[in-house]
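Structural overview
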Amino acid sequence: MCTEHGSFNRRRLLQGLGRTAAVAAFAPAFLSTKVAEAYAQTTYEHLVPGRPEGVGLCSERLEDVFARIQRRVTDGLFPGAVALVARRGRIVGHRAFGSRVRGADEPMTLDTLFDLLSITKVLATATSAVILAQDGVLRLNDRVADFIPEFAANGKQAIKVRDMLRYTAGLPLDSQFLDDPDCERVWQRMAESPLEYVPGTQVLYSDLTYRLLGRVIEVASGMDLDAFAKARIWGPLGMSDTTFNPSGALISRTAATGYSEIRGRVVRGEVQDEQDHALGGIAGCDGVFSTARDIAVFCQMILNGGRYGGVRVLSRQVAAAMVSNQTPEVRASETDVSPLTNLLMTPKGYGWELATHRFSNGGSRLSSGSYGKAGGTGCFLWIDRRRELIGVILTNHGLPTPFDEIGWNRMLDAVGNAEFFDGIVNAVIDE
C-alpha cells in the first residue's frame, strides 16, 4: 500500500447561458523574465521511461487509474483509448485499451493517432501565432483586418490578434456554412460574421475565432498552418506523428471516430468537424492528429519553458504567457458554474484552458496554475505545473450526439477524464 499524500450546430451549446463579467485592462502581451522563470521549473530535455516511485508516484494507484479506463472500454462507453502519465521527465505509464474502430478486431496500440479536434488550438494555432510574434512577423496588438481585410465588416476593424488568442474577440461560438461548396466564399462569409458581443467584454470560447486566427497565421507566414507547425513546432521537437490530414500510410494507425451522415461513412483519418473537413482539413480550430507520446513531448516543452531536446521553440516569457491568465477580469467564481460554462467562459490563457476548482475537465485536484486543453472527440491533456506532472488521455469516443450541453456532459461522463486526472494527482506521494 502507498502512504497518503454527424452534422451538428455548436450554437446549441449556448442555449440558456448568460453573459459573463467584463474583461477590462489590456494586460502585457508577454511576461517579465522574473515571472517567466517562476513558471519554468527544472528542464527535462527528453522524456524517457521510468518507475513511478522514482518520481514520487505510487504504482498501485496508477494501476487503479488504468483499470478504470479499461472498465469504461469494457462497458462500451467508447471503443478505445491511449493514456500517458509523465512526471519530472519520466514516462511512468503509457497504456492502450480497446479497439481503434468500434466493433472491429483492431486493437488499439500506443502509436495510434487520434483526431484531437480542439487540441489543435494549442498544438498548432496559438503556438504558431506567438512564434510569429516572437519573430516580429506580427504583433499581438496588430489588427486582424490588416491580414484579412474583409474581417473589418460589421464593426470588427479594431479587433486585435491578441483578442483572438484569448477568446475575447466578440465572435460567436461557431458559424458553419455547409450549404456553400465555394471554400473561398465560405472563408469570406466567416470573416464577415457579425459580432455576438462587444469585443473584450467577456470570454467566449470560439471555433470561428480560431479558424480565422489560423488564416491570419497563413497570411502572415506565407505558409499553410500544417507546413508552418511542422517547420517551427512539430519538426524541431521530433513530433513525427503529428499532422493535419494523415497520409494514406498513417490511416491504419489512426483511430476512427463517429459516423458522418454527410459523408456517409465512419470517419477515419479525416477531421470529424464537418466545416473543417469541407474546407480541406487544415484549420486553426480543429484538424490535428497526433499520438499520446508526441503530445507529451509538446507538454514537456511547455513545462520546460519553451525548450525540449536541446531545441528552443519558445522563449521563457512567451511560454509562460501562453499558460498565464490573459483574461484577469473574468472571474471563475462567476463563470465556473457547469462543465459547459467552464469550457466556454472561464479565464483563459493564449489558447489554453486554466484549472478551476468546480467543473474543470481536468478534475478538481490539480494545483493552482495548472493548464490543459480538451478536444471534442474525447481527448484531453493537462499539465500540473507545480507537481511537474503531465497527463494525456486520448479516446475515439467521437463528437457528442447531439452536440449540445447534455451531449457534452454525457461525453465527459463516458470518458471519465476528471476521474483520470484526479487519479493521477492522487498517485502523487511525495508532497
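What counts as what
What you see as residue numbers is a count from 1 along each chain, following the sequence as written. Given that this is a predicted model, residues contribute local features only at a pLDDT of at least 70 and side-chain atom pairs are listed and counted only at 80 or more, while totals for whole chains, interfaces and linings are drawn from all residues. Side-chain figures throughout are based on the complete set of non-hydrogen atoms in the structure, without hydrogens or water. Put simply, DSSP H or I for four residues or longer makes a helix, DSSP E for two residues or longer makes a strand, and each gets a number counted from the N terminus. Each residue's exposure class comes from its accessible area (1.4 Å probe, protein chains only) as a fraction of the maximum for that residue type: buried when under 20%, exposed when over 50%, partly exposed otherwise. Fitted lines through C-alpha atoms give the axes, limited to the stretch in contact for helices. The angle between two N-to-C directions lies from 0 to 180 degrees. These descriptions rest on fixed angle ranges, namely under 35 degrees for roughly parallel, over 145 for roughly antiparallel, 65 to 115 for roughly perpendicular, and the rest for oblique. We call a crossing left-handed when the near helix sits turned anticlockwise from the far one by less than a right angle, and right-handed when that turn is clockwise. Any two residues whose heavy atoms approach within 4.5 Å at even a single point are treated as in contact. Nonpolar residues are Ala, Val, Leu, Ile, Met, Phe, Trp, Tyr, Cys and Pro. Charged residues are Asp, Glu, Lys and Arg, and all others, Gly as well, are polar. In this analysis, strands are considered paired if DSSP registers two or more bridges between them. Along the chain, pLDDT gives the predictor's confidence residue by residue, from 0 to 100. Here the aromatic set is Phe, Tyr and Trp, taking the six-membered ring for Trp, and pairing holds for ring centres within 6.5 Å; pairs whose planes are under 30 degrees apart are stacked, those over 60 apart are edge-to-face, and all others are tilted. To obtain the arc, one takes the directions from the helix axis to the C-beta atoms. UniProt positions are given in the numbering used here, feature names are shortened, and annotations may be inferred rather than shown by experiment.

**Looking at unusual backbone geometry**
Residues other than glycine predominantly adopt negative phi, and peptide bonds predominantly adopt the trans conformation. The step from Thr401 to Pro402 runs through a cis peptide bond, and the omega angle for that step is -5°. Residue Arg88 is not a glycine yet carries a positive backbone phi of 50°. Within the element layout of this structure, Arg88 appears in the loop between strand 2 (80-87) and strand 3 (90-98). The exposure class assigned to Arg88 is partly exposed, which follows from its relative accessible area of 26%. Despite not being glycine, Tyr167 has its phi angle at roughly 65°, a positive value. Position of Tyr167 among the secondary structure elements: in the loop between helix 4 (161-165) and helix 5 (183-191).

**So, the packing of helix 5 against helix 6 (residues 207-221)**
Orientation of helix 5 relative to helix 6, taken along the N-to-C sense of each, is 120°, at an axis distance of 10 Å. With respect to their mutual orientation, helix 5 and helix 6 come out oblique. For the element pair helix 5 and helix 6, the recorded crossing hand is left-handed. Only Leu208, Arg211, Leu212 and Arg215 of helix 6 make contact with helix 5, whose side of the interface consists of Glu184, Trp187, Met190 and Ala191. The class makeup of the residues in the contact of helix 5 with helix 6 is five nonpolar, no polar and three charged.

**Some words on the pairing of strand 13 (residues 379-384)**
As a general feature of sheets, a regular strand has side chains that alternate between the two faces. Of all the six residues making up strand 13, six are buried; the element is thus mostly covered by neighbouring parts of the structure. Side chains of strand 13 alternate between two faces, with Cys379, Leu381 and Ile383 and Phe380, Trp382 and Asp384 buried alike. Of the strand pairs in this sheet, strand 12 (residues 371-375) and strand 13 are connected by five bridges, and their pairing is antiparallel. Note on strand 13: the bridge partner recorded for Tyr371 is Ile383. Between strand 12 and strand 13, which pair antiparallel one after the other, the connecting turn spans three residues, and Gly378 there sits at a positive phi close to 105°. Direction of pairing for strand 13 relative to strand 14 (residues 389-395): antiparallel, over a ladder of six bridges. Within strand 14, the position partnered with Leu381 by the bridge is Val392.

**Some words on the confidence of the model for the protein**
Averaged over the protein, the pLDDT score is 92; the fraction of residues at 70 or greater is 91%. For residues 3-28, every residue scores under 50 in pLDDT, and the model assigns this stretch 90 contacts once sequence neighbours within four places are set aside.

**What about the packing of aromatic side chains?**
Across all of its chains, the model carries eight aromatic pairs by this definition. Here the aromatic rings of Tyr167 and Tyr205 are separated by 5.1 Å at their centres, their planes lie at 25°, and the arrangement is stacked. You can see Tyr167 sitting in the loop between helix 4 and helix 5 and its partner Tyr205 sitting in the loop between helix 5 and helix 6, a full 38 residues away along the chain. One exposure class covers both Tyr167 and Tyr205, and it is buried. With a centroid separation of 5.3 Å and 85° between ring planes, the pair formed by Trp352 and Tyr371 is classed as edge-to-face. Taken together, the residues span a long stretch of sequence, with Trp352 in the loop between helix 13 (339-345) and strand 11 (353-354) and Tyr371 in strand 12 at a distance of 19 residues. Taken individually, Trp352 and Tyr371 each receive the classification buried, so the pair is uniform in this respect. Ring pairing ties together the aromatic residues Tyr167, Tyr205 and Tyr210, which thus form one cluster.

**Comments concerning helix 5**
Those residues of helix 5 that sit buried are Val186, Trp187, Met190 and Ala191. An end-on view of helix 5 places all buried positions within 135° of arc, on one side of the element. On its buried face, helix 5 is in contact with helix 6 and helix 9 (274-278).

**Details of the sheet that holds strand 11**
With respect to topology, seven strands assemble into an open sheet ordered 1-3-2-14-13-12-11, the strand pairing being mixed. Every other strand in the sheet has two partners, leaving strand 1 (48-49) and strand 11 as the edge strands with one partner each. As paired strands, strand 1 and strand 3 are joined by two bridges and run parallel to one another. The residue of strand 3 that forms the bridge with Pro49 is Ile91. Helix 14 (residues 405-415) contacts strand 12, strand 13 and strand 14 of the sheet and is inclined by roughly 70° relative to strand 13.

**Section: the UniProt feature "domain: Beta-lactamase-related" (unreviewed entry) in the protein**
Following the UniProt record, one finds the feature "domain: Beta-lactamase-related" (unreviewed entry) at residues 68-414. The span residues 68-414 is 33% helical and 16% strand by assignment, and the distance between its end C-alpha atoms comes to 11 Å.

**A short note on the sheet that holds strand 4 (residues 114-115)**
Pairing is antiparallel in the open sheet, where three strands are placed in the order 4-8-5. The open sheet has two free edges, formed respectively by strand 4 and strand 5 (243-244), since each of these has just one partner strand. Bridge count between strand 4 and strand 8 (residues 288-290): two bridges; the pairing is antiparallel. Counterpart to Phe114 in the pairing with strand 8 is Ser290.

**Re the environment of Ala296**
Within the secondary structure layout, Ala296 lies in helix 10 (residues 292-303). With near-sequence residues (within four places) excluded, Ala296 lies in contact with Leu47, Leu84 and Ile390.

**Brief notes about the packing of helix 2 (residues 59-74) against helix 15 (residues 417-426)**
Viewed as axis vectors pointing N to C, helix 2 and helix 15 meet at an angle of 165°, and their least axial separation amounts to 8 Å. In terms of axis orientation, helix 2 runs roughly antiparallel to helix 15. By crossing handedness, the relation of helix 2 to helix 15 is classed as right-handed. In this structure, helix 2 contributes Arg61, Leu62, Val65, Arg68, Ile69 and Arg72 to the contact, and helix 15 contributes Glu419, Phe420, Gly423, Ile424 and Asn426. Partitioned by chemical class, the residues of the contact of helix 2 with helix 15 number five nonpolar, two polar and four charged.

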